[in-house]
Amino acid sequence: PVTDGIYYIKLMVTEPVASAIIGKGGSNMKAMQEMGGIVKISGSGVYFPTSNNRPVCLGGAPHVVGELLQVILDRQAEASAKPPANGPSTDASALNLLVPNCTVSRLIGPGGEVRNEMCMQTG
């Protein structure tokens, strides 16, 4: 959604990715906010309903949101490369984009046309 020229994107990330986004003492979050965007992440142990993933909200001008998303993807790659510190292994490579119901049909396209094209392009 767009409000006053600010674009927002909402993601769900695993706990290891959330930790990588935050960084030691919040250093990564601070660096991301200094890029001129809005970065919000749920508190520790606060998960999206019916999941074990933490919501992350990014906001800002379109180019800033794109840059923030790239940082998130970089942090995700870092988290995926590390073995779990303790407990069961989690799929740190999982990243989910939350899409409003009114937008889903546009992502799928008529007869799945848009979805099929995305699958062909991304593998």
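In this report, the structure presented in the accompanying data block is examined. Only a predicted model underlies this, so the values are computations on that prediction, with no experimental measurement involved.

**Observations concerning unusual backbone geometry**
So, step 1. The backbone of Thr-50 shows a phi angle near 60°, a positive value even though the residue is not glycine.
So, step 2. Within the secondary structure, Thr-50 sits in the loop between strand E3 (38–41) and strand E4 (54–60).

**Some remarks on the environment of Ile-38**
So, step 1. For Ile-38, the location among the structural elements is in strand E3.
So, step 2. Excluding anything up to four places from it in sequence, Ile-38 contacts Ile-6, Tyr-8, Cys-57, Leu-58, Gly-59 and Leu-68.

**Some details on the environment of Gly-36**
So, step 1. Counting through the fold element by element, Gly-36 comes out in the loop between helix H2 (27–33) and E3.
So, step 2. For Gly-36, a relative accessible area of 58% corresponds to the exposed category.
So, step 3. Sequence separation between Gly-36 and Gly-59 is 23 residues; the distance between their C-alpha atoms is 9.2 Å.

**Description of a nonpolar patch on the surface**
So, step 1. Residues Val-104, Leu-107, Ile-108, Val-114 and Met-118 make up a contiguous nonpolar surface patch of about 350 Å² in total accessible area.
So, step 2. Mapped onto the nonpolar patch, the elements with two or more residues apiece are helix H4 (101–108) and helix H5 (113–122).
So, step 3. Looking at the secondary structure, you find Val-104 in helix H4.
So, step 4. The class of Val-104 is partly exposed, set by a relative accessible area of 31%.

Procedures and definitions
Residues numbered from 1 in each chain as written. Predicted model: local features only at pLDDT ≥ 70, side-chain atom pairs only at ≥ 80, totals over all residues. Heavy atoms only, no water. Helix = DSSP H or I, 4+ residues; strand = E, 2+ residues; numbered from the N terminus. Contact = heavy atoms within 4.5 Å. Buried < 20%, exposed > 50% of the residue type's maximum accessible area, 1.4 Å probe, protein only. Patch = residues over 30% accessible without salt bridge, like charges linked within 9 Å, V, L, I, M, F, W, Y side chains within 5 Å. Areas by Shrake-Rupley, 256 points an atom, 1.4 Å probe, with all protein chains shown as cover. Salt bridge = Lys/Arg side-chain N within 4 Å of Asp/Glu carboxyl O.

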